[in-house]
Amino acid sequence: MTAVETNREQVLRDAARTALAAPSVFNTQPWRWLAGPDGLRLYADRRRLLPVADPVGRLLTVSCGAALHHARTALAATGHDVQVRQLPDPADPDLLAELRIVGPHRPQLAELQAYAAIKRRRTDRRPFTSEPVTEDACWALILAGEREHAHVHLVDVDQIPVLAMAAVRAGALQLSDADYRAELADWTHRPPWSGEGVSTETTVRAVQRRVPIRDYAPFGGQTMHPGRDTDAGARYLIVFTDDDTPSAWLRAGQALSAILLTAAVHGLGSAPISDVTEVADTRDELRRLLPGLGEPQVCVRVGHPQPGGPPPVIRRAAEESINPVTPTGDSR
């Protein structure tokens, strides 16, 4: 291997390492990266599929799309022009994308800002302050997502009760399912050294649920007493696509990443909300909120964070997902 090839492989490994910071459903981190001198490959790790909450792997693929965008952001910011092929091999549906360095790239300011935001972005599940999110920031979030070839709908204030009821209904339906509760318990009680799952310490407040997790603040605050209610300044966006295919899911994940990083650049806290899109009935409710009745993939809550900030989310060791070695001794 030449020095150039060695350096290229290291650059790609570094990009995959950066992508470990991407958000994922239940913090499952359902991806595998294979880095070599000829490129970087992103695979879905079906062993980390949530069979109850995500039986077809839609949210798994959205999560992988977020990791793909993180890697692309890292490569662009470090001066590399990259060619990306999505779903390049019909015979291997787990191969989601291939990235190849094709030349030098002069990073734009927005790319450098997004790259810096990766290190400080946190999923913030606490109530936000009553300070409103400016219209300029909202437009920046929408444009960031739409640049990734997805659609972004900013939920109107008068639509928030519908979104709130959909979230409540989704939670009730899910938690009435014993299999879902078991799956939820599994991923919210992982030992800290595992580097995966969601810690119950990150929940907003104590809730009367068998397994507390991702308890987002009430949606209705901003419609009741703006400027006074907790979370009154929060805004909600729905990332949606024209169809409901793996390619669309991958685009939605990249749009989600772009929105979250743009929020961090603007000093906003953010949290993906997948609950309302995990249940068929509530996904149908969300479709009625969308222009053109597209396919809702994930919601995002943004706002001005309270002082202190959430704790960092635990991550798996890089060697577990970048060129991982199987029991047979092979990578992948």
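Residues numbered from 1 in each chain as written. Predicted model: local features only at pLDDT ≥ 70, side-chain atom pairs only at ≥ 80, totals over all residues. Heavy atoms only, no water.

A few words on the nonpolar core. Formed by 27 residues in total, the largest nonpolar core has its most connected members in Trp-31, Trp-33, Leu-40 and Leu-42. Of all the secondary structure elements, the ones that give two or more residues to this core are α1 (3-19), β1 (31-36), β2 (39-44), α2 (58-77) and β4 (95-104). Of the residues forming this core, the biggest block, 8 residues, is contributed by α2. Formed by 22 residues, the second largest nonpolar core is a distinct cluster that contains Trp-249, Ile-259, Ala-263 and Leu-268. (Core = buried A, V, L, I, M, F, W, Y, C linked by side-chain atoms within 4.5 Å. Buried < 20%, exposed > 50% of the residue type's maximum accessible area, 1.4 Å probe, protein only. Helix = DSSP H or I, 4+ residues; strand = E, 2+ residues; numbered from the N terminus.)

Let's shift gears to the packing of helix α4 (residues 135-146) against helix α8 (residues 246-265). Where α4 meets α8, the closest approach of the two axes is 7 Å, and the angle between their N-to-C directions is 150°. The orientation of α4 relative to α8 falls into the category roughly antiparallel. As α4 runs across α8, the sense of the crossing is right-handed. Seen from α4, the contacting residues are Ala-140, Leu-141, Ala-144 and Gly-145; seen from α8, they are Ala-255, Ala-258, Ile-259, Thr-262 and Ala-263. A breakdown of the residues in the contact of α4 with α8 according to their chemical character gives 7 nonpolar, 2 polar and no charged. (Axes fitted to C-alpha atoms, helices over the stretch in contact; angles between N-to-C directions. Parallel < 35°, antiparallel > 145°, perpendicular 65-115°, else oblique. Left-handed = near helix turned anticlockwise from the far one by under 90°. Contact = heavy atoms within 4.5 Å. Nonpolar A, V, L, I, M, F, W, Y, C, P; charged D, E, K, R; others polar.)

On to the side chain of Glu-285, then. Tracing the sequence through the fold places Glu-285 in helix α10 (residues 280-287). In this structure, Glu-285 is in contact with Val-162, Ala-166 and Arg-169, ignoring residues within four places of it in sequence.

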